[in-house]
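Now for the letters of each chain:
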Amino acid sequence: MPTSDADTRPDRSFDRSWLAVAFVALVVAAAASAGVALVLAESSVAAGSQAASVGTDGDWSQPYHDAGYTGFNPHATGPTTEVGPTWVTRVGSVETMASPTVAAGTVYVGNRDGRVVAMDAETGRVDWRSNVEGMVTTAAAVGPERAFVVAQTMESDDGSEPDSFAVVALDRETGAVDWRYPLAVDGKPYVHAEDALTYADGRVFVAAFAGGRDVESASVAFAVDAASGEEAWRHVAERPGEYHLAAPVVADGVVYLLDGAYGADRSTYLTGVDAARGDEAFEVALDVHGQSLLYANGTAYVVGDALATVEVATNGTPVVGRVDGVNATPFERVAIANGTLYAAVGSVGSPNAVAAYDLASGAERWRAPADYVDTAPAVTRTMVVVGTLGEGVVAVDRDTGERLWSVNPHEHFGVDRPVAVVNETVYAYAPWHVYALGDDGTAVAGGFLGAIGDLLQENVFLGLLVGTLLTAAVVGVGYGLVVVAAGRVGLSRSPPTFLAARLFGVDPAAVSRAQRVVAGLAASVAVAFAYGVLGSAATLLAPVLSSVGLPGGILFVLGPLNAVVGGVLVVGGAWWLLVHRVLPADESLLDEPLAAVRREWALVHVGYLLALAVVYPFVQFLVLLLVFRPI
């Protein structure tokens, strides 16, 4: 029985321009879907089974724990039993120069997106996010009322102007920017400060390299009042060449500054400056290719290809010593605790162990292998914890070097920023997330959805199947809705009407608009899924063909060839089924002549073929990125 539309036979001439509109709308829908997914991921916080407990006595409120940069928290022990993430919080950028610091129950971390994020140390809940207008290049140093970071701002897109650096103070309660102090030196257009900064006695201290074309280079130390952001003093030392500047170390009223030359030049200078007035107390040249500076128990230690010691006598004279046998990996920081130095060791390009040295004799106490140690050690009462590229976070016994545990939060990147240890919890940064590692931790990034993602990552077939289903749903529903909209501006409605009649077992005249829409969307998703299955099959087949010696050139063209052939087969097959199995032979039952219906819907299928060829791979890439989470 014909529908009322067929009885009246209105003028339904088909405007083919809707195909262009359909294609553009589908691209927009795909991009919007990806944006929504990323926004949802950005806000995810996963809570685990165990919460961290933070006390002010055991804070890790400076980069490398304290103003002496010892990397030793005598109040902490670290986790021991079934260690894993107790919470995971997404903080944004995959790239960061900062590591977590912890003060009074709050974890602070900055990233190169220009944001500083404050999180509750027990739950991982984000307390605030603050934009500092530039890339955050240091870990936060935390004072009683403010947290301090260094921010780098690009002054030109083409690099014609040098980047600018500034110390930024953030209110600890709200994250509001209290003040901003630009690091600038008259006559030296280039000022670079990317190492850590130090808070001590109401002031913030930062070291910078200053120079420029045809300008004498210098190392500059700035002291800034923590409350007002006003400069207290600066110390400028003119030096030729370029120097590596360690973060300022503050102890016993003295700011220790280390300048170590790059390359084969062994020129290394240790300068002592009065912390209150900025007057230079001493400067000594050291025969050490120095990279790291620490202060413990009345002695400044400069570590590199050897270990130099500097003690200031009661009359203010520096006494220089040397401990042979210590050779820490260049550019890697070290830690000191109770007469022992802990360092990443190995070749310059492959620090493959953590070693413990006696500070008095230089004798090696133990050496613990680890897969590319990429951070300074964090030392507790019982263990030494490091970040590695190959194994994530690794903990060894402090006395013996015996491996205690390892947790890899991000298998693709590892952990390349120093960790912080407070009480029984290790706080680590891996791309996109901060992890709290504790006893019996089971949290995953993204919570329940993240757990599902882990399952899909472990099973490639299941992951591809789910990814194909999700992609088919996005593409199929997107294109199907566009086709439904086109039905309101001239496209024949007979095909979805008769398809709905078959699906729901009703007379074509009784098919509702909702049933027609559902049938059209189902068919569109089914076509996209069939197309995706062929693509996934080719993906899984490629390694098999490679293993039997098929030339690489053939494998290279297999993907595009499968996309074209698969698209033609799937879409062409769908059109054939529509024309020969769905539509009735009696033309009087249609709302347009059969030839017109076939022509219009042939164009619909050609448009879908284009969408599958262009939009489907884009959507599939985003979906599989979420399913397999490579970053």
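Residues numbered from 1 in each chain as written. Predicted model: local features only at pLDDT ≥ 70, side-chain atom pairs only at ≥ 80, totals over all residues. Heavy atoms only, no water.

Things to note about the overall build of the protein
Now for step 1: Per the secondary structure count, the protein includes eight helices and 36 strands.
Now for step 2: Partitioning the contacts of the protein with sequence separation of at least 6, the portion at a separation of at least 24 is 55%.
Now for step 3: In the form shown here, the protein has an accessible surface area of approximately 26600 Å², with 58% of it arising from carbon and sulfur atoms. (Helix = DSSP H or I, 4+ residues; strand = E, 2+ residues; numbered from the N terminus. Contact = heavy atoms within 4.5 Å. Areas by Shrake-Rupley, 256 points an atom, 1.4 Å probe, with all protein chains shown as cover.)

Points about the nonpolar core
Now for step 1: Within the largest apolar cluster, 35 residues are counted, with the highest numbers of intra-cluster contacts made by Val393, Trp405, Val419 and Tyr427.
Now for step 2: Top contributing element to this core by residue count: strand β35 (residues 425-430), with five residues.
Now for step 3: With sequence-adjacent residues up to four places away left out, Trp405 is seen in contact with Pro79, Val83, Met383, Val393, Val394, Ala395, Val426 and Leu437. (Core = buried A, V, L, I, M, F, W, Y, C linked by side-chain atoms within 4.5 Å. Buried < 20%, exposed > 50% of the residue type's maximum accessible area, 1.4 Å probe, protein only.)

Things to note about the sheet that holds strand β32 (residues 392-397)
Now for step 1: If you trace the four strands from one edge of the open sheet to the other, you get β30-β31-β32-β33, paired in antiparallel fashion. In this open sheet, the two edge strands, each paired with only one partner strand, are β30 (378-379) and β33 (403-407).
Now for step 2: Note that β30 and strand β31 (residues 383-388) share two bridges and pair antiparallel. Within the sheet, the bridge partner assigned to Ala378 lies in β31 and is Val385. (Pairing = 2+ DSSP bridges.)

As for the pairing of strand β25 (residues 318-323)
Now for step 1: Of the strand pairs in this sheet, strand β24 (residues 307-312) and β25 are connected by six bridges, and their pairing is antiparallel. Each residue of the ladder has a partner; that of Glu311, found in β25, is Val319.
Now for step 2: Here β24 folds back onto β25, and the loop between the two strands holds five residues, one of which, Gly316, carries a positive phi near 90°.

With respect to empty space enclosed by the protein
Now for step 1: Applying the stated criterion across every chain, the model contains one cavity of 30 Å³ or more.
Now for step 2: The computed volume of the largest cavity comes to approximately 40 Å³.
Now for step 3: Residue lining of the largest cavity: Ala207, Ser219, Val220, Ala221, Leu245, Leu257, Leu258 and Asp259, and that is the complete set.
Now for step 4: By residue class, the composition of the lining of the largest cavity is six nonpolar, one polar and one charged. (1 Å grid on protein atoms, 1.4 Å probe; cavity = no way out; pocket = protein on both sides within 12 Å on 5 of 7 lines; lining within 4 Å. Points joined across faces, edges and corners; volume = space filled by probe spheres on them. Nonpolar A, V, L, I, M, F, W, Y, C, P; charged D, E, K, R; others polar.)

Regarding unusual backbone geometry
Now for step 1: The residue Tyr64 is not glycine, and still its phi comes out positive at about 65°.
Now for step 2: Note on placement: Tyr64 falls in the loop between β1 (45-47) and β2 (84-90).
Now for step 3: Residue Tyr64 is classed as buried on the basis of its relative accessible area, which comes to 17%.
Now for step 4: At Asn297, a position not held by glycine, the phi torsion is positive, near 55°.
Now for step 5: Among the structural elements, Asn297 can be located in the loop between β22 (292-296) and β23 (299-303).

Digging into the environment of Gly387
Now for step 1: Along the chain, Gly387 falls in strand β31.
Now for step 2: Gly387 sits in the buried class, given a relative accessible area of 0%.
Now for step 3: Separated by 31 residues in the primary sequence, Gly387 and Pro418 have C-alpha atoms spaced 6.3 Å apart.
Now for step 4: Once you skip the residues sitting within four places of it in the chain, Gly387 turns out to touch Tyr372, Val373, Asp374, Thr375, Gly392 and Val415.

Description of the sheet that holds strand β29 (residues 364-369)
Now for step 1: Ordered by their spatial adjacency, four strands build an open sheet running β26-β27-β28-β29, and the pairing between neighbours is antiparallel. Every other strand in the sheet has two partners, leaving β26 (334-337) and β29 as the edge strands with one partner each. Adjacent strand axes in the sheet meet at a mean angle of 25° when their direction is disregarded.
Now for step 2: As defined by bridge partners, strand β28 (residues 350-358) adjoins β29 across five bridges and the pair is classed as antiparallel. Residue pairing across strands places Tyr357 opposite Glu364, the latter belonging to β29. (Axes fitted to C-alpha atoms, helices over the stretch in contact; angles between N-to-C directions.)

Some remarks on the packing of aromatic side chains
Now for step 1: Going through the model one piece at a time under the given rule, you end up with 13 aromatic pairs.
Now for step 2: Relative to Tyr69, the ring of Tyr64 has its centre 5.5 Å away and its plane inclined at 35°; by these criteria the two rings are tilted.
Now for step 3: Note on Tyr69: relative accessible area 2%, which makes it buried.
Now for step 4: With a centroid separation of 6.0 Å and an interplanar angle of 45°, the aromatic rings of Phe205 and Trp233 are classed as tilted. Of this pair, Phe205 sits in strand β14 (residues 203-212) while Trp233 sits in strand β16 (residues 231-238); the two residues are 28 residues apart in sequence, bridging distant segments of the chain. Accessibility classification places Phe205 together with Trp233 in one group, the buried group.
Now for step 5: Feature note: the residues Phe148, Trp179 and Tyr199 constitute an aromatic cluster, connected by ring pairs. (Phe/Tyr/Trp six-rings, centres within 6.5 Å; stacked < 30°, edge-to-face > 60°.)

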